Every structure is written in structure tokens, then in C-alpha cells.
Amino acid sequence: MNRKILVVIVAVAVIAIGIGIHLATSAKPKGEISVFSADAYLQESNTLLSAFRNSSGTQYLPVKSGGSFDMAREIGQGERSTNFISVSLSSYNQSYLGSHYSGWAVAFASDHMALAYAPHSVSTPAENSIVSDLKTGYASNNTTLLNEGYKLLTSGLVKVGISDPLSDPAGYRAWISLEIAGKLFANNQSYYMNRLISNKGNRTASSAAELVSPLVSGDIQFLFIYKSAAIAKGLDYINLSSYTGLGNSSLASFYSQFSLNYSGTVFTGKPIYLFISDPAGEPYSGIAENFTSFVIGHSTLLSAYGLKPLTHGILFNSTKPPQFIYNMIGNGELTEGGPI
């Protein structure tokens, strides 16, 4: 073979190999955060991600949101998620996450339930009375007014949005809130709950977020939703008490006296925390750990949404947590809260 031709062939081969290496390198996926979030906290999750990107330069994919239990099931079925932000500790159980169960989650903020309403939908005497009785009753601790307000709320004269407890923890918390109200204001734990069901006054959906549009349009008049979500979505709301709102960690033993058996699944009353964890077996574990550490250390970013940042995050775990979690316990950023 002519020497010049051989040299040309070799040169072309080297160039082709070089192009192939460059294309392979370019095609290699970059590390990006992929957050699954309870949809009531979509706005808050985006706030945290934006702040983290500004701080670290790390990019993130659009947040995927839905009911906490639905999101956990999707992760368990193989959907990629570097971080999982949920409002239910039980959504981190292996029964939901499967092979992506990591066995730990950190509470970094607390929230409580509210009864939201759209101002333009408050038009009938019954609706106006409910808002007036409950707002005045809670402000003055007047149990007579509160009983009247809850009786009207559950009379069937208005439609009340409560999400499906099996897909969204806000749903079971709404029913437990009604149980607590029945105990405190009617001396009958099941009174308001049974009354709402028998009067066909409730409307449901897979998540509370899906019931916001029907509320704004007037198809329903009231909606049990987290206070932070009501603020984020610009809804007016009735601020429930520490007892009926499930928002005070010091009342944990009181909340635990109430439970809901829904389609064979039993839910027990607990304080409402917002949690974060890193599902097991996901790519970019280093990036996931960095974002989790950032969230725990910057929970004050969520104060604008009505959430109460925790001075110290609370670790719940049933397995050995990763080293960065141990480090945070050692330097006082986390306290231990028990098993998942």
C-alpha cells in the first residue's frame, strides 16, 4: 500500500476515534437533582431548589408532584428521584418505596391544617355563617359558636373538599381533624364526620391540590388543606386551633388518641412535619446528600409560606443512616426522633 495513503487512513481513523470519544463524553448525563414532592409543597420545593442552584450551581429537573403516598409508590416502581419531600413519615416505609427504601427521613419544618375557602364563593347565608362562627369561635375559644359552625359545615348545605386518605395524607388528617372537633365541641368524636358523610357533603380527589380549582370555581365551598398550601395558592382560610390543626408537636400524645380506619388502612393522628430523604439506589447520591443538607440548614426559607422551620431537624430512621447524617447529628444540626 502506498505509504501516503496509509498515513491518511491512520489520520482519519484517529480523528474518527476522537470524535467518537467527544460524542460519548457529551452524551454522558450530567448530575441533576430530581425531586419528588408532595404537591401541597410544590412551590416550597421550587423555592428550595432555586436557592440551592444559586448557591451551588447545580441544575435540577422540574419537580414531580402528587399525593405523598402516590409519589412514594412511583419511586418504588422505579421512577428516578434523587430526593423525596413528603408530609407523611409513613410514606418512607419499604411497603411504598420497595428497593428504593433508605430507612431514614429528616423532619425540617412543621405545618398544620386549615379550612380554606374562596371569597367569591362565600355567598349564601350558610357559607357566611360557617366562616363567621368558626373564625370568631376559634379566636374567642367559644365552643358554642364552634359547634354551630361545624354543624353547618357538615349539614350538606355546602360541599367540603377532603382528599383521598390512601393517596394524600391531607385526607386522613382532615377526617381526624373533624374527629377532634367532634370530641371537643360536640362531646361526640364521630358526630361531625358521620354527619358530613350521611349528608353527602364531602367531595374528594387524589390530592388536596386537585380540589383547589373546584374551590375557586365555586363547585365546592370549603377545603381541608395545609395552611402553607392555602397561603401559597392565595386562598382565604380559617385558622384551626393547635388541637384541630394537628400542628403542635407538644400535643403528639393528644393527637395519637384519634385514628381513622379507611378501607382497611388505619391512620393515627400525629403532628404534621415536612420531611426529606434520599431514596436508595438512585444516581448522583453526592448531589442528593448536598441538597438534603442544604434544605435542613435553610428551612427558614419556608417561613414566608406559613411553615414553622425546626431549629434542629429531627431524624427518624429504622436503618443505619448515611455518614453525612451522622455528621449532622454530631454537630447539633439534627436530633433523633425514633423509627420510621
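Shown above is the structure to which this text applies.
Okay, so let's go over this structure. (Residues numbered from 1 in each chain as written. Predicted model: local features only at pLDDT ≥ 70, side-chain atom pairs only at ≥ 80, totals over all residues. Heavy atoms only, no water.)

1. Focus on the packing of aromatic side chains
Move 1: Summed over the entire model, instances satisfying the criterion amount to 19 aromatic pairs.
Move 2: Taken together, a centroid distance of 5.2 Å and an interplanar angle of 15° make the contact between F69 and Y96 stacked. With F69 in helix α3 (residues 68-76) and Y96 in helix α4 (residues 94-97), the pair connects residues that are 27 residues apart, well separated along the chain.
Move 3: Assessed through its relative accessible area of 0%, F69 is described here as buried.
Move 4: A centroid spacing of 6.2 Å and a plane angle of 65° characterise the contact between F254 and Y255, whose relative ring orientation is edge-to-face.
Move 5: What makes F254 buried here is its relative accessible area of 16%.
Move 6: Put simply, the rings of F84, Y92, Y273, F275 and F316 pair up and form one aromatic cluster. (Phe/Tyr/Trp six-rings, centres within 6.5 Å; stacked < 30°, edge-to-face > 60°. Helix = DSSP H or I, 4+ residues; strand = E, 2+ residues; numbered from the N terminus. Buried < 20%, exposed > 50% of the residue type's maximum accessible area, 1.4 Å probe, protein only.)

2. Focus on the sheet that holds strand β3 (residues 83-86)
Move 1: Ordered in space as β2-β1-β3-β12-β4-β13-β14, the 7 strands form an open sheet in which the pairing is mixed. Edge positions in the open sheet fall to β2 (64-66) and β14 (334-338), since each of these has one partner strand only. Direction aside, neighbouring strands of the sheet carry axes that sit 25° apart on average.
Move 2: Sheet analysis places β3 next to strand β12 (residues 272-277), joined by 3 bridges and oriented antiparallel. Across the sheet, I85 pairs through a bridge with I276, a residue of β12.
Move 3: Strands in contact with helix α13 (residues 323-330) are β4 (104-111), β13 (308-317) and β14; relative to β14, the strand with the most contacts, it is inclined by about 110°. (Pairing = 2+ DSSP bridges. Axes fitted to C-alpha atoms, helices over the stretch in contact; angles between N-to-C directions. Contact = heavy atoms within 4.5 Å.)

3. Considering the environment of S277
Move 1: Along the chain, S277 turns up in strand β12.
Move 2: On the basis of relative accessibility, which here comes to 1%, the residue S277 falls in the buried class.
Move 3: Expressed as a C-alpha distance, the spacing of S277 and G103, which sit 174 residues apart in the sequence, is 8.9 Å.
Move 4: Not counting residues within four places of it along the chain, the set of residues in contact with S277 comprises T82, N83, F84, Y92, S102, W104 and A105.
Move 5: A polar contact of 3.2 Å, which involves the side chain of S277, links it to the side chain of S102.
Move 6: At 2.5 Å, the side chain of S277 and the backbone oxygen of W104 are in polar contact. (Polar contact = N/O pair within 3.5 Å; in protein donor to acceptor, adjacent residues only side chain to side chain.)

4. Brief notes about the pattern of salt bridges
Move 1: The tally for this structure, following the rule as stated, stands at 4 salt bridges.
Move 2: Notably, a salt bridge pairs E74 with K64, separated by 2.6 Å at the nearest N-O pair. With E74 in helix α3 and K64 in strand β2, the pair connects residues that are 10 residues apart, well separated along the chain.
Move 3: By relative accessible area, K64 is classed as partly exposed at 32%.
Move 4: Linked by salt bridges that have partners in common, K64, E74 and E79 make up one network. (Salt bridge = Lys/Arg side-chain N within 4 Å of Asp/Glu carboxyl O.)

5. Looking at the sheet that holds strand β6 (residues 160-161)
Move 1: Pairing in this open sheet of 5 strands is mixed, and the strands run β7-β6-β8-β5-β9 from one edge to the other. What marks the edges here is a single partner per strand, and that holds for β7 (202-203) and β9 (236-239).
Move 2: Across 2 bridges, the pairing between β6 and strand β8 (residues 222-226) is parallel. For V160, the partnering residue across the bridge sits in β8 and is F222.
Move 3: Sheet strands touched by helix α5 (residues 125-140): β5 (113-117), β8 and β9. Its angle to β9, the strand with the most contacts, is close to 45°.

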